[in-house]
Structures are given as structure tokens and as C-alpha cells.
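Breakdown of the fold
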Amino acid sequence: MGTVPSALKHCLSYQHLLKEQLWIGEQAPPPPAAPHPGQESQASGLPAYIKIVEVGPRDGLQNEKMADHKEVMRGIERHPGVQYPVLTPNLHGFHAAIAAGATEVSVFGAASETFSKMNINCSIEESIEKFEDVAKSARNMNIPVRGYVSCALGCPYEGNIIPAKVAEVSKRLYSMGCYEISLGDTIGVGTPGSMKRMLEAVMKEIPLCALAVHCHDTYGQALANILTAIQMGVAVVDSSVAGLGGCPYAKGATGNVATEDVIYMLNGLGINTGVNLYTVMEAGNFICTALNKKTNSKVAQASFTTGTVN
Amino acid sequence: MGTVPSALKHCLSYQHLLKEQLWIGEQAPPPPAAPHPGQESQASGLPAYIKIVEVGPRDGLQNEKVIVPTDIKIELINRLSKTGLPAIEVTSFVSSKWVPQMADHKEVMRGIERHPGVQYPVLTPNLHGFHAAIAAGATEVSVFGAASETFSKMNINCSIEESIEKFEDVAKSARNMNIPVRGYVSCALGCPYEGNIIPAKVAEVSKRLYSMGCYEISLGDTIGVGTPGSMKRMLEAVMKEIPLCALAVHCHDTYGQALANILTAIQGVNLYTVMEAGNFICTALNKKTNSKVAQASFTTGTVN
């Protein structure tokens, strides 16, 4: 397709292209006054606003083996308008989280019996019972609870997972009071076709505005899967700054989809996220420097070498 | 989302999952008897068959700093020929002063095995290159224009109009010899020099190439800045001028958007063998693959 000389890396038009098209904006677009879940963007049939749930500090760093949750929880600055959910697998964890100042919690179930047993040492049914305890206590304290369903598009132990099972577990979590259900492609094997079939099943049980997708990029399919989900009306996407969090099932392979790459795509689609891509890239650069590792975000890789970001 | 011990890398169910679902099959799926362009897959509204044009040996290697030995290039193409890929772009008949990596174009063209049913196009920017390509045994050629005036001048040293005139000479000679010509339009979603490119310009250049007899127009996101929205707008403009079955997309993954852009464009091939070919060339170049499927598969033990 032609080669471009390296001097171009600093070409002003190129940087201008990226900035002017809001692919990489310096100003965060104004957050919508009251985002209407399901409100569609005029031309495209896509949601006008998509909420990005940043899972890098937990899901991402979890794989980097950092285990100082209390200190982190207490040490962070809380910005107005930003939610800071924490994972709480049972009542004990819930109480510890509340004591450390958490104001939102998450519980994670699985659509695979074997994964549930191997990962959290109990069956799906037993885990639901523990989550119900958490949900009950949370409700009493007006603490929102987010539910995750792992292995929504495949399980490293059981292989194929039927959409109806994902729908069933999602419904149990929703019924106990989770305000949002994040459907996770835990091993990143999903493709647009399987994403579509799974969502069709889940959408029969859960209102669209309560659904989120958590796509792993292990096989490079995450953005295509996210695009499929948002075309079906899903308006909440989980992602991880710098694509932090390798896939423990494929050492050396990637895991979480990079927030930067998701924002780039959504900006290009004219979808509002309220997120400043430039600032995310800086945060990604910070953590990668601290961890002495290369970013998994292609946008970051491209931008730091074109001189768009210094 | 939970941690799983590394022993799982070899979990039989996981490997089974990947193979059984044809994500990574060992048997090539039977090629369709007569693929009908535009025929949609029953449930999804997507094409039932998609032709993959493998550009690694030309577009891929062209960007490698290290000069790849001729025998390695030939071996790569021979391996790719066994994958079921229907088209493999072999080399470029351009001046070795401009593209040293492609200096061995004659030797590569003459040295490869030709598999029946596989096309082996080569790039030919002008009549001189075309004649050299035919003399070396080429049976299909490609010409590449650009939707950006500046890119055209910087990349091939002439304006869009001048380049079209050269391509018309190639197309005329090719037509006389029954040689198919494929046309490329670079910078279809953005230009490193000019920035934004309007869809109408892409449509205009595509139409010039199609009118001169190119059987297929490959629309290239040369710097990978495109997103599904800009892909859609560009295709809508081009599809007013060019029949859908004559369109291809060439998406760069510089910003990680390629698969989403391809999915938008499209609303087999034996993957296992392609991965082996990829593993071969990466070993030869001593570099890491850019394929996430390959990265994941070689570490899960699905591929050894």
C-alpha cells in the first residue's frame, strides 16, 4: 500500500487529522445532562451515549499480583460523578469493603458450573446464595450491586456455553437486585456471531439498559464483538486502560480490551462517552512505565510513536 | 474476572472448544462450489462467502527493515498456497531503488509453486513494470492509486491524474493479453499528509480505476485511522459508483480498529495452516506475530 517515511511521524496534518476528528481529543466532550439509556444516535441506530466501566485497576492489575485492596480503597481521590465499584465475593468481603469506604460493590457469577467451582470454589447455586446475602445487605445500606457473568461466550473447562445458561444466571443476578449485568467473554473466544446469539437470549430476560459487555481481546475479536453488542443496543462497555490484564489461560496472549482502543472506535462513531482519550492514554503510559511493560493498546502504541502524545 | 492456573493451558476442553467450533480447524472447510457474490448467509445478513486476499508477502514484507532472502519469500508463499487462500499478492515490479525489499521480484515470481485455483497478483505501477511482470510469468496485476493528491505525489512521484494515465496504459495492455487487473485506492479513510479525505474523492478515484477495466477495487485505510462510522460513510459513497461484488477492503490495524471496520464492511480458508505459515515467517524474521489468534493459540497449546 506504499511506505511512509519516518519523518511523517511528526507530520502536522496527521496529528491534526487525529485531533480534529476527535479520535484523540484534548477536550473531554461534555457529559450528557441526563443520559437516556437506549436513546439512539440520530443517523446510525447506535446508542447516543455509552458508559465505559474501567476495570484496569482491579481486573487488569489482578493479573499483575497486587493485593493491597484496603490501602488502595482508602488512598484514592474520589471524583464527583465517578463510581468506584469493588468486587465482593461474599458477605465477609462486602463488610470489609464497606469498612474501607466502598460505595458500590460487584459480585461475579459464571455461566459454567466447572468454572464456578474452579474459580470461586463453589457451584453456581452456592455462589448465588452468597451473592444474595451480599445483595440483601447492600440493599439495606443503599449500596448498588453490579453482577458479572463469566464465560458468557465460552469456558476454558467446559468449552461451549449455551446462551440460555447465560440468560438464566443473568436473571438470577438481576432478580436479586443487581442494577447492571456485565456479560464477560472471559477467554476472549467470542465472535460477532456468538455475541449476537448470546445477547438475543439474555435480552429476553434482562432489560437492555441493564446490560454491559466485558470482552477480552485474547483472539483480537473484542472491538468487533463490542461493535456487535452496541449495534444491538447495549450501552455499557467494560474495558481496561492499556489493555491491562493478561489472559491467564494463554500466557503471553492478551486479555482485556484496551480502553483507549474502545474510546477511539466510539469517538469515530460519534458516540458520547464523556471520556478524554488523551488523558486515558497518559494514565496508561503511567501504569505501563510503573510496571515496566509495553501497553496492549494499539492506539497508544500508534500515538506515542507518531508524536501525537509525548 | 477470575484467575485460572497455567495448567489450564493444555486443558483438553479448551483446545476442543477452539477446534470443535472451527475457530481453529485442522480440515479446510470445503470451498463453495460457485460462490455467489452478494449471497447472504441465512441468519445473519452477512455474505455467505468472503474472499481473503493475502497481502503479507508483498505489503507485509515491504515494510520489514531487514531484507528477507528470496528463498524465504518463496517458502512463505508456497506455505500460504496450501492454506486455501484464494489470492496471494506475491511481489511488486517497482524500481529496487524505491523498494529494495522487492528487488528480487523476478526470482520470487519464477520461483513460487503455482497452485490451481489460487491467484498470484503482482503490483505494476506502470507499463515497464507490467512488461517485466509478464515476462516473469505473472498472470494477474494490480495498480494502486490514491484518494489524496499529496500522498500520490509523495508515494509514487506523480499526481492522481498522471498515475491514472499510467494505469490506463497498463490496463489496456493487460486487456489485450486477457490479464486481470486489480485496483487499489490508498488513503480511503485518511491521509498522513492531507488529513481528512472526503468519501466523494474515494468514489471518484475508484470509478476511474473501475472504468479502465479493473475487476476489483480494494479500498485501503492506509494509516489505520478509520472507524466503523467513517468506513460506512466511505463505502456508501463508493457503492453509488461501483458494484458491491467488485469491492474489497484493506484495513490497517494501526489503531486496533481493523476487525471492527471489516465487520462493518462485510454486515473458508484453513486457519490452522495460515497460522503455520505465519509462524514460519515470524521465526525467519525473528519477530513476534501481530496476530492475536496466533499469540493465543501458540500459548494455549492448540498449535505447537
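Sequence order sets the numbering: in each chain, residues are counted from 1 along the sequence as written. As they are written, the chains are lettered A onward and the ligands numbered 1 onward, keeping that order. Whole-chain, interface and lining totals are the exception, using all residues; otherwise, since this is a predicted model, local features are given only for residues with pLDDT of at least 70 and side-chain atom pairs are given and counted only at 80 or more. Heavy atoms throughout the structure, all of them, feed into the side-chain values; hydrogens and water do not.

A word on the overall build of chain B
Counting from the N terminus, the helices are DSSP H or I runs at least four residues long and the strands are E runs at least two residues long. A count of helices and strands for chain B gives 12 helices and 7 strands. Buried, partly exposed and exposed residues are distinguished by accessible area as a fraction of the type maximum, computed with a 1.4 Å probe on protein chains only: under 20%, between the cut-offs, and over 50%, respectively. Counting only residues that meet the buried cut, chain B has 52% of its 304 residues in that class.

Some details on the packing of helix H7 (residues 160–176) of chain B against helix H8 (residues 199–211) of chain B
Residues and elements named next belong to chain B. Two elements in contact, H7 and H8, have axes whose closest approach is 10 Å; the angle formed by their N-to-C orientations is 25°. Relative to H8, the element H7 is oriented roughly parallel. The hand of the H7/H8 crossing is right-handed. Between H7 and H8, the residues in contact are Ile160, Glu161, Ile164, Phe167 and Glu168 and Lys201, Val205, Arg208 and Leu209, respectively. We call Asp, Glu, Lys and Arg charged. Ala, Val, Leu, Ile, Met, Phe, Trp, Tyr, Cys and Pro are nonpolar, and the rest, Gly among them, are polar. Per-class residue counts for the contact of H7 with H8 are 5 nonpolar, no polar and 4 charged. To define axes, lines are fitted to C-alpha atoms, for helices over the stretch in contact only, and angles between the resulting N-to-C directions are given on a 0 to 180 degree scale. Convention used here: angles under 35 degrees read as roughly parallel, angles over 145 as roughly antiparallel, angles from 65 to 115 as roughly perpendicular, and any remaining angle as oblique. Working rule for handedness: look at the near helix, and if it is turned counterclockwise from the far one by less than a right angle, call the crossing left-handed; if clockwise, right-handed. Two residues form a contact once any of their heavy atoms are found within 4.5 Å.

Re the sheet that holds strand S2 (residues 86–87) of chain A
Residue and element names in this part refer to chain A. Two strands pair under a simple rule: DSSP has to find at least two bridges between them. Strand order in the open sheet formed by 7 strands is S1-S7-S6-S5-S4-S3-S2, and the pairing between neighbours is parallel. Among the strands making up the open sheet, the edge pair consists of strand S1 (51–54) and S2. Pairing of strand S4 (residues 145–150) with strand S5 (residues 180–185) involves 4 bridges; the strand directions are parallel. Residue pairing across strands places valine 149 opposite leucine 183, the latter belonging to S5.

Overview of the sheet that holds strand S5 (residues 181–186) of chain B
Residue and element names in this part refer to chain B. The sheet built from 5 strands is open, its strands ordered S3-S4-S5-S6-S7 with parallel pairing. The strands lining the two open edges of the sheet, one partner per strand, are strand S3 (122–123) and strand S7 (247–251). The strands touched by H7 within the sheet are strand S4 (141–146) and S5, with S4 carrying the most contacts at an inclination of about 165°.

A closer look at helix H3 (residues 70–81) of chain B
All names here are of chain B. Here the expected span of a helix is defined as 1.5 Å times the quantity of residues minus one. The end-to-end C-alpha distance of H3 is 17 Å, a good match for the 16 Å that 12 residues give at a rise of 1.5 Å each. Taken as a whole, H3 has its buried residues at Ile72, Lys73, Ile74, Leu76, Ile77, Asn78, Leu80 and Ser81. Turning to H3, the residues buried within the fold contact strand S1 (53–54), helix H2 (56–62), strand S2 (87–88), helix H4 (105–111) and helix H11 (271–285).

So, the pattern of salt bridges
We define a salt bridge as a side-chain nitrogen of Lys or Arg found within 4 Å of a carboxyl oxygen belonging to Asp or Glu. For the structure on display, the rule yields 21 salt bridges over all chains. Among the salt bridges present, the one from A:Glu125 reaches A:Arg172, with a minimum N-O distance of 3.0 Å. A residue pair is termed long-range when its members are at least 10 positions apart, and A:Glu125 in helix H6 (residues 124–140) and A:Arg172 in helix H7 (residues 163–175) qualify at 47 residues. Judged by relative accessible area, A:Arg172 falls into the partly exposed class, the value being 30%. Put simply, A:Lys298 and B:Asp253 hold a salt bridge, and the shortest N to O gap is 2.5 Å. A residue pair is termed interchain when its members come from two chains, as with A:Lys298 in helix H12 (residues 298–306) and B:Asp253 in the loop between S7 and helix H10 (258–266). Note on A:Lys298: relative accessible area 21%, which makes it partly exposed.

A word on the state of the cysteines
One way to say it: the disulfide is the covalent bond shared by the sulfur atoms of two cysteines. Here, a disulfide means two cysteine sulfur atoms that sit within 2.5 Å of each other. Applying the stated criterion across every chain, the model contains 0 disulfides over all chains. Considering cysteine sulfurs only, A:Cys151 is the nearest to A:Cys122, which forms no disulfide, with 14 Å between them.

Quick look at the side chain of A:Thr295
Structurally, the position occupied by A:Thr295 is in the loop between helix H11 (277–291) and H12. Once residues lying within four places of it in the same chain are set aside, the contact partners of A:Thr295 are A:Ala242, A:Cys288, A:Ala300 and A:Gln301.

Digging into the pairing of S5(A)
Regular strands place their side chains on alternate faces of the sheet. Residues and elements named next belong to chain A. Summarising burial for S5: 6 of the 6 residues are buried, a large majority. The alternating pattern of S5 places Glu180, Ser182 and Gly184 on one face and Ile181, Leu183 and Asp185 on the opposite face, and all of these are buried. Seen with its strands pointing away from the viewer, a crossover is right-handed if its path from the first strand over the helix to the second goes clockwise. In this view, the connection linking S4 to its parallel neighbour S5 by way of H7 has right-handed handedness. Pairing of S5 with strand S6 (residues 211–215) involves 5 bridges; the strand directions are parallel. Each bridged residue has a counterpart across the sheet, and for glycine 184 the counterpart in S6 is histidine 214. Traced from S5 through helix H8 (residues 192–202) to S6, the parallel crossover comes out right-handed.

Some thoughts on the nonpolar core
The set of buried Ala, Val, Leu, Ile, Met, Phe, Trp, Tyr and Cys residues whose side-chain atoms join them within 4.5 Å is what this entry labels a nonpolar core. The biggest cluster of nonpolar side chains holds 78 residues, and the ones touching the most others in it are A:Val166, A:Leu173, A:Leu183, A:Met198, A:Ile226, A:Ile230 and A:Leu266. Here the element with the most residues in this core is helix H9 (residues 222–231) of chain A; it accounts for 7 residues. Among the nonpolar cores identified, the runner-up in size contains 67 residues, and B:Val68, B:Ile74, B:Met234 and B:Val238 belong to it.

Points about the confidence of the model for chain A
For residues with low pLDDT, the predicted coordinates do not support detailed interpretation. Residues and elements named next belong to chain A. Mean pLDDT over chain A stands at 84; residues scoring 70 or higher make up 80%. By definition, pLDDT measures how confident the predictor is in each residue, and it falls between 0 and 100. Averaged pLDDT values over the elements of chain A bottom out at 55 in helix H1 (residues 12–20) and peak at 97 in H8. Note that pLDDT drops below 50 for residues 1–12; the model gives that stretch 34 contacts with residues more than four away or on any other chain. Low pLDDT, under 50, characterises residues 21–38; the predicted model gives this stretch 36 contacts beyond four residues in sequence or across chains.

Examining the environment of B:His250
All names here are of chain B. One can find histidine 250 in strand S7. Expressed as a C-alpha distance, the spacing of histidine 250 and glycine 224, which sit 26 residues apart in the sequence, is 9.5 Å. Separated by 2.8 Å, the side chains of histidine 250 and aspartate 59 make a polar contact. Any pair of nitrogen or oxygen atoms within 3.5 Å is treated as a polar contact; in protein, a donor-acceptor pairing is required on top of that, and neighbouring residues in sequence qualify only through side-chain atoms on both sides. At 3.4 Å, the side chain of histidine 250 and the side chain of histidine 252 are in polar contact.

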